[in-house]
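Overview (structure and organization)
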Amino acid sequence: MACLKYLFAYLAILAIASFSTHAADPTQLQDFCVGVTDPSNALFVNGMFCKNPKDVTADDFLLKGLDKPRSTNSRLGSNVTLITPTQLPGLNTLGVAIARVDYAPFGLNPPHTHPRATELFTVMEGTLYVGFVTSNLPNGGNKFFTKVLNKGDVFAFPQGLIHFQFNIGNTPAMAMSALSSQNPGLNTIANAVFGSEPSISVDVLSKAFQLDGGVIKYLESRAPFSSNSVDQEQYDLNSNDDEIDEDENELLMNESDDECEDLVTPSAPTIEFSRLPSIDLEYDNRWCGKVDVPCYDGGKFLVGQRKRSPCDWTLRAFNKEATNDSFTIVTYKGPHNTSCVVDAPPLDHTNLSNGFIAKHIRTVVDADWGVKISNLRANILTLLNFEPSYMKTWHAKQKAMADLYGDWKGSYDLLPRYFQALKTTNPGTVVKFVHKLGGPSNVHVFDRVFWAFGPSIRGFEHCRPILTVDGTHLYGKYRGVLLIAIGVDANDQIYPLAFAIVDCESIDTWGWFMDCIRKHVTKEEGICVISDRPVGILTAMNKVGGGWTEPQAFHRYCTRHHASNINTKFKSNELKLAFLSTACAAQRKRFNKGMQKIGSLNPSAKVLLESIPLSKWSLCHDGGHRYGIKTTNNSECFSGVLKRVRFLPITALVKATFFRINSYFVKHREDANKRLLEGCMWSEKVTEKLVENVKRAAHHKVTCYDA
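Note that the structure is a prediction, hence the values are computed from the model and not measured.

Here the focus is the overall build of the protein. Within the protein, the secondary structure is distributed over 19 helices and 22 strands. The buried share among the 707 residues of the protein stands at 38%.

Okay, here's the thing in structure tokens:
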């Protein structure tokens, strides 16, 4: 009886689930489908009417010609051929569609969405850069997923998400897309925002995008941002029938005419019209015209917009006969639309010189030496209502930096004098230049420089015998690498000690840098050097007679870099975490347990780690030389402090290191004097550790035994 009761309950649940399934709404095939009570007023249904199955033939499921390349002669250089039930009736109710996408070299299928379909994208020819952006995440951001696809690669674009494809090759490309709806829909982002009818309020868009109203109007004038090419034969050259021949498509250019063969664009129609002087070259104050030969005697004729104008319309013609004023159009780019007559925001200006721009961006550059050129251009547009070219802005930034910190070449000339001034005012400062012979006259050319400030050298005697060394790239005109050696003071704070500027990280440069430290900065024995494992540092630390071999010094590896190398080699984040836990274990039993776990995860990884001396990477085998410091974070921290400085000329960079260290000394001296006045014997960090140890010791029990 109980079994029968449970059976009825189970059947009831199935009935409810079955009812819910059949009551679900059908999948949408359009943006909306407003219901009507009178069928005679109905214009469209959610899908297509079905053909009588008795009348269906194989041709209803066949479509030919998709193998033929499509024209990509459009502003964006792409063409999408979408196949839906309209083109292939047999697709109706099957829930799929397909598209062929052709790309010109560097052609773009702009950011868009398919509101009703997921897209499976397959590259058939070429190399495409593709990506999609997620919807808003809980933290308010949007994650961007991107890949470079080659022939045969497949990429999925989830339904409703913004995505794009860009041909990054200099040859045409083609791809096929499968979509999970017979009517996937298309929403081109730029068209939807800037090309809707009626248009969205300029006030709304200005506030949403934080742009000037003139910029919004300019963008609206550029719409529609179509990716498909337009049949050029439909272009209307002139609406006045009195000023154009009746047969607009008659090709009159004689292709055997060598004189003008190079002017013909194969994809453009050649169309003749008379009374050319009646065309108003001053139609708008932004038009420009050009006539090469007076009276059009065998001359050329070109009208169109200035460079970087919002209008793409251009017309080029050639006069074959000196006896008349008829010109044959050999190049035409259109259509002539509203963007050609709109008051577009001004772009560049001839009087907008590098020096003029530099004066206006000095404060911006001084506040952020690494500011991007695009941000500077936007700043100039807001400030002056003109947008200079990228190169003009770049040169202006270089001039602004030269005005603030000296030019790049002059900075190298100034460097020896500045170092001499530092040595005079800061006794004990060490500076070592290395030059090489170069040029036809064998002049001395800068190669590298090492420096350590006198106060830093003297103060290092009172620091822990630890150095972390690292290199960071410079981003100025001449590039290079900044090598840094950082100590640790009694309060666990970074202590910048020595620097060098070299052309690259190598066995030679690292060996020279470590030699300079040993010869000119510290000869203290037992120093522990913590670093990554580049060949240059390994070679310098193992150099016989260099002063860095044990027991004169002890070389230890940065556990974070070592863990990253493990992850790169074995592609296992779990293994990486197991290594970090094992390397940082302070007790041998925990270390052994960690090694067992690593062996169970990947025996090869365990063998590799055991082949490296344990003292190099294991805290419990270190012998106390690390003082508990496991990474090169100290040197990388100071590199981060100098991040903005890395864009400066060399003398300005050296000045920045001096003033930064000077500020550290001033602050740390004030903090130390304050603690002495308060009667504290130890630094703040040491005091905290002593207090913590005392608290822990309160729970310890000591048992005494007779000797």
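Below, the discussion takes up the packing of aromatic side chains. Within the structure shown, the criterion is met by 21 aromatic pairs. Measuring from ring centre to ring centre gives 6.5 Å for F132 and F157, while their planes differ by 85 degrees; the resulting arrangement is edge-to-face. One end of the pair, F132, is in strand β5 (residues 128–133); the other, F157, is in strand β7 (residues 154–157), and 25 residues separate them in sequence. As far as the burial class goes, F132 and F157 line up, both buried. These aromatic residues form a ring-pair network of at least three members: Y412, F419, F433, F446, W451 and F499. In this structure, K569 is placed above the aromatic ring of F570, and the distance from its NZ or CZ to the ring centre is 5.8 Å.

Turning to its location among the elements, A58 is positioned in the loop between α1 (2–22) and β1 (78–83). With relative accessibility at 62%, the residue A58 sits in the exposed group.

This paragraph deals with a positive patch on the surface. Taken together, K589, R590, K593 and K597 make up a surface patch of like positive charges. Along the polypeptide, K589 turns up in helix α14 (residues 588–601). Given a relative accessible area of 62%, K589 falls into the exposed group.

Glancing now at the sheet that holds strand β10 (residues 187–188). Taken in spatial order, the five strands of this open sheet run β6-β5-β8-β3-β10, and their pairing is antiparallel. Here the strands that pair on one side only, and so sit at the sheet edges, are β6 (144–149) and β10. Judged from the two bridges that link them, strand β3 (residues 108–113) and β10 form a sheet pairing that is antiparallel. What sits directly across from T113, in β10, is N187.

Turning our attention to the confidence of the model for the protein. Across the protein, pLDDT averages 76, with 74% of residues at or above 70. For residues 1–25, every residue scores under 50 in pLDDT, and the model assigns this stretch zero contacts once sequence neighbours within four places are set aside.

Next up on the list: the packing of helix α5 (residues 354–367) against helix α6 (residues 373–384). At a closest axis distance of 11 Å, the pairing of α5 and α6 adopts a crossing angle of 110 degrees. Put simply, α5 runs roughly perpendicular to α6. Residues F356, I357, H360, I361 and V364 of α5 pack against L376, N379, I380, L383 and L384 of α6. In the contact of α5 with α6, the residues fall into eight nonpolar, two polar and no charged.

Cis geometry marks the peptide bond from E197 to P198, where omega comes out at -10 degrees. By secondary structure assignment, the location of P198 is in the loop between α2 (189–194) and α3 (202–209). Here E550 and P551 are connected by a cis peptide whose omega angle stands at 5 degrees. Secondary-structure assignment places P551 in the loop between α11 (535–541) and β22 (553–557). Even without glycine at this site, F106 takes up a positive phi of about 65 degrees. By the element assignment, F106 lies in the loop between β2 (97–103) and β3. Residue F106 is classed as partly exposed on the basis of its relative accessible area, which comes to 49%. In this model, Q210 sits at a positive phi of 55 degrees, which is unusual for a non-glycine residue. A residue is classified by how much of its surface remains accessible, and Q210, at 65% relative accessible area, is exposed.

Evaluation of the coordinates by the stated rule reveals 13 salt bridges. Between K543 and D515 there is a salt bridge; the shortest N-O distance is 3.3 Å. Taken together, the residues K543 in the loop between α11 and β22 and D515 in helix α10 (residues 507–520) connect sequence positions 28 residues apart. Judged by its relative accessible area of 17%, D515 is buried. Here K667 and D671 are joined by a salt bridge, their closest N and O atoms 3.1 Å apart. Residue K667 and its partner D671 are both found in helix α18 (residues 650–677); the two are separated by four residues, about one turn of the helix.

The next point concerns the side chain of R100. Checked against the element boundaries, R100 lands in strand β2. A residue is classified by how much of its surface remains accessible, and R100, at 4% relative accessible area, is buried. There is a polar contact of 3.1 Å between the side chain of R100 and the backbone oxygen of D67. There is a polar contact of 2.9 Å between the side chain of R100 and the side chain of D102.

Relative to β7, strand β4 (residues 119–125) is paired through four bridges, and the arrangement is antiparallel. The partner of L120 across the bridge, within β7, is A156. The sheet contact formed by β4 and strand β9 (residues 173–179) spans six bridges and is antiparallel. Each bridged residue has a counterpart across the sheet, and for E119 the counterpart in β9 is L179.

With that settled, consider the nonpolar core. The biggest cluster of nonpolar side chains holds 39 residues, and the ones touching the most others in it are I361, F419, W451, L482, F499, I501 and F638. Contributions of two or more residues to this core are made by α5, α6, α7 (390–405), α8 (408–425), β17 (443–452), β19 (481–488), β20 (494–502) and α18. Take this core: its biggest share by element is eight residues, from α18. Each residue touching I361, except ones within four places of it in the same chain, is listed here: L376, I380, A396, K397 and A400. Formed by 30 residues, the second largest nonpolar core is a distinct cluster that contains V481, W510, I517 and I527.

A few words on the side chain of T582. Structurally, the position occupied by T582 is in helix α13 (residues 573–583). Once you skip the residues sitting within four places of it in the chain, T582 turns out to touch F591, G594, M595, I598 and W617.

As a further point, take the pairing of strand β18 (residues 466–473). The element β18 is extensively covered by neighbouring structure, given that seven of its eight residues are classed as buried. Sheet analysis places β18 next to strand β21 (residues 527–531), joined by three bridges and oriented parallel. Of the residues in β21, the one forming a bridge with L467 is V529. Pairing of β18 with β19, which is carried by six bridges, proceeds in the antiparallel orientation. Looking at the pairing, G471 lines up with L483 of β19.

Scoring rules and cut-offs
- Per chain, residue numbering runs from 1 following the sequence as it is written.
- For this predicted model, a pLDDT threshold of at least 70 governs which residues receive local features, and a threshold of 80 or more governs which side-chain atom pairs are given and counted, while totals over whole chains, interfaces and linings are taken from all residues.
- Side-chain measures were taken over the full set of non-hydrogen atoms in the model, leaving aside hydrogen atoms and water.
- Only DSSP runs of H or I with at least four residues qualify as helices, and only runs of E with at least two residues qualify as strands; both kinds are numbered from the N terminus onward.
- Relative accessibility thresholds used throughout: buried, under 20% of the residue-type maximum; exposed, over 50%; partly exposed, between the two (1.4 Å probe, protein chains only).
- Here the aromatic set is Phe, Tyr and Trp, taking the six-membered ring for Trp, and pairing holds for ring centres within 6.5 Å; pairs whose planes are under 30 degrees apart are stacked, those over 60 apart are edge-to-face, and all others are tilted.
- A ring is considered to have a charge above it if a Lys NZ or an Arg CZ atom is located within 6 Å of its centre and within 35 degrees of its normal.
- To count toward a patch, a residue needs a relative accessible area over 30% and no salt bridge; like charges are then connected within 9 Å, while nonpolar side chains (Val, Leu, Ile, Met, Phe, Trp, Tyr) are connected within 5 Å.
- The Shrake-Rupley method, run with a 1.4 Å probe sphere, supplies the accessible areas, and residue values consider only the shown protein chains as cover.
- Any Lys or Arg side-chain nitrogen found within 4 Å of a carboxyl oxygen on Asp or Glu counts as a salt bridge.
- Neither His nor the chain ends is counted toward charge; the positive residues are Lys and Arg and the negative residues Asp and Glu.
- A charged residue contributes its charge at one atom only: NZ of Lys, CZ of Arg, CG of Asp or CD of Glu.
- Strands are labelled as partners when DSSP assigns at least two bridges between them.
- Every residue gets a pLDDT, meaning the predictor's confidence in that residue, from 0 to 100.
- By definition, residues are in contact when any of their heavy atoms lie within 4.5 Å.
- Angles run from 0 to 180 degrees between N-to-C directions of axes, and those axes are lines fitted to C-alpha atoms, restricted for helices to the stretch in contact.
- The scheme is simple: roughly parallel for angles under 35 degrees, roughly antiparallel for over 145, roughly perpendicular for 65 to 115, oblique for anything else.
- When residue character is reported, Ala, Val, Leu, Ile, Met, Phe, Trp, Tyr, Cys and Pro are called nonpolar, Asp, Glu, Lys and Arg charged, and the others, Gly included, polar.
- Any pair of nitrogen or oxygen atoms within 3.5 Å is treated as a polar contact; in protein, a donor-acceptor pairing is required on top of that, and neighbouring residues in sequence qualify only through side-chain atoms on both sides.
- The term nonpolar core refers to a set of buried residues drawn from Ala, Val, Leu, Ile, Met, Phe, Trp, Tyr and Cys, joined through side-chain atoms within 4.5 Å.

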